[in-house]
Amino acid sequence: MKEEAFAEHKIYSTNEIDKDINIDQILHEFEQNKEKYTYTHYINKRWENIYLNPQDIPSVLPLLSFAMSTALELFQDLLKPHQTLVIPHELLGYEKNEFWFNSASRGESTGIHNHIEYAIVSGIFYLQVPENSANLFFKRGKNNEFEIEAKKGKIVFFPSDLDHYVPKNKSNEARVSLAFNCYKFPLSTSIMHELPLI
């Protein structure tokens, strides 16, 4: 696990993932369920966030489990004793899924943003990264930026309030990633009702 510091925050990344995570199967199920996509954030003539219910893409479950347990280890100091983290989704009884896909074709980008205030840790897992499809940039203030190389099979963890963006994809293929939010558990139902789909 690589640890890097930026703007008084810690950012972690690794290509060493759980053996049960099958990238090809996730991509296959993602492509096979296009008619079930739901979307949010229509920006620059494209939907930035693509949602699928976990029952329609079960291959993401080992990834979500790995992401949650790893985030817990990395950010334990942000939690109270015996407190844990959760990535909410329907199979856990929540109404909203706090993981989503981003598929950026040639010329498409993801604007600067951060993740909602209730989340504590966020992350990105790269499923398909063509050459010249752009890296991940974190930003603090006007000119302070930090670049993380995008690479297939890499997972990145960062504090949810840290601004980030992805420049235009200059390749001829789509860059596909899965993003997620981790919350302190237990997470009340009332809070989940307040959360927008992001």
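Below: a short report on this structure.

## Focus: the sheet that holds strand β12 (residues 163-166)
(1) Moving on: With respect to topology, four strands assemble into an open sheet ordered β7-β12-β9-β10, the strand pairing being antiparallel. Looking along the sheet, the strands with just one partner apiece sit at the ends: β7 (110-113) and β10 (144-148). Taking each pair of neighbouring strands and ignoring which way they run, the sheet shows an average axis angle of 20°.
(2) Moving on: When strand β9 (residues 136-140) meets β10, the two strands line up antiparallel, connected through five bridges. Across the sheet, the residue bridging to Arg140 is Asn144, located in β10.

## Quick notes on the packing of aromatic side chains
(1) Moving on: Applying the stated criterion to the full structure yields nine aromatic pairs.
(2) Moving on: Consider the rings of Phe6 and Phe146, whose centres lie 5.7 Å apart with planes at 25°: the pair is stacked. Remark: Phe146 occurs in strand β10 and Phe6 occurs in strand β1 (residues 2-6); sequence separation between them is 140 residues. With respect to class, Phe6 is no different from Phe146; both count as buried.
(3) Moving on: An aromatic cluster of three or more residues is present, and its members are Phe30, Tyr37, Tyr39 and Phe101.

## Comments concerning unusual backbone geometry
(1) Moving on: One non-glycine residue, Glu8, lies in the positive phi region at around 65°.
(2) Moving on: One can find Glu8 in the loop between β1 and β2 (9-14).
(3) Moving on: Judged by relative accessible area, Glu8 falls into the exposed class, the value being 84%.
(4) Moving on: Despite not being glycine, Ala134 shows a phi value in the positive range, around 90°.
(5) Moving on: Relative to the assigned elements, Ala134 resides in the loop between β8 (121-128) and β9.

## Some words on the environment of Val129
(1) Moving on: Topologically, Val129 is positioned in the loop between β8 and β9.
(2) Moving on: Owing to a relative accessible area of 23%, Val129 belongs among the partly exposed residues under this scheme.
(3) Moving on: Val129 sits 45 residues away from Ala174 along the chain, and the two C-alpha atoms are 7.6 Å apart.

## A look at the pairing of strand β13 (residues 175-185)
(1) Moving on: Within β13, nine of the eleven residues are buried, leaving the element largely enclosed by the surrounding structure.
(2) Moving on: In this structure, strand β5 (residues 84-86) lies alongside β13, joined through three bridges in antiparallel fashion. Residue pairing for β13: Leu85 is matched across the bridge by Lys184.
(3) Moving on: For strand β6 (residues 99-104) and β13, the ladder comprises six bridges, and the chain directions are antiparallel. Note that in β13 the partner of Trp100 across the bridge is Ala179.
(4) Moving on: Two strands pair when backbone bridges link them, and β8 and β13 are joined in this way by seven bridges, in the antiparallel orientation. Note on β13: the bridge partner recorded for Val121 is Cys182.

## Observations regarding the pattern of salt bridges
Two side chains bearing opposite charge may form a pair once their charged atoms approach each other closely.
(1) Moving on: Enumeration according to the criterion identifies eight salt bridges in this entry.
(2) Moving on: The partner of Asp56 in a salt bridge is Lys36, with the nearest N and O atoms 3.1 Å apart. With Asp56 in the loop between β4 (46-51) and α2 (61-74) and Lys36 in the loop between α1 (23-32) and β3 (38-43), this pair connects stretches of sequence that are 20 residues apart.

## A short note on the nonpolar core
(1) Moving on: The biggest cluster of nonpolar side chains holds 34 residues, and the ones touching the most others in it are Phe101, Leu127, Phe157, Leu178 and Phe180.
(2) Moving on: Elements with a minimum of two residues in this core: α1, α2, β6, β8, β11 (155-159) and β13.
(3) Moving on: Per element, the largest residue contribution to this core is six residues, and it comes from α2.
(4) Moving on: Excluding anything up to four places from it in sequence, Phe180 contacts Ala67, Ile87, Glu98, Phe99, Trp100, His115, Val121, Ser122, Gly123, Ile124, Ile155 and Phe157.
(5) Moving on: The next biggest cluster of nonpolar side chains, apart from the first, holds 17 residues, and it includes Trp100, Ala150, Val156 and Ala179.

## Regarding α2
(1) Moving on: Compared with the 20 Å implied by 1.5 Å per residue over 14 residues, the 20 Å span of α2 between its first and last C-alpha is a close match.
(2) Moving on: Turning to α2, its buried residues number three or more, namely Leu63, Leu64, Phe66, Ala67, Thr70, Ala71 and Leu74. The buried residues of α2 occupy an angular sector of 160° when the element is viewed end-on, so they sit on one face.

Reading the values: rules and limits
- Residues numbered from 1 in each chain as written.
- Predicted model: local features only at pLDDT ≥ 70, side-chain atom pairs only at ≥ 80, totals over all residues.
- Heavy atoms only, no water.
- Pairing = 2+ DSSP bridges.
- Helix = DSSP H or I, 4+ residues; strand = E, 2+ residues; numbered from the N terminus.
- Axes fitted to C-alpha atoms, helices over the stretch in contact; angles between N-to-C directions.
- Phe/Tyr/Trp six-rings, centres within 6.5 Å; stacked < 30°, edge-to-face > 60°.
- Buried < 20%, exposed > 50% of the residue type's maximum accessible area, 1.4 Å probe, protein only.
- Salt bridge = Lys/Arg side-chain N within 4 Å of Asp/Glu carboxyl O.
- Core = buried A, V, L, I, M, F, W, Y, C linked by side-chain atoms within 4.5 Å.
- Contact = heavy atoms within 4.5 Å.
- Expected span 1.5 Å × (residues − 1).
- Arc of directions from axis to C-beta.

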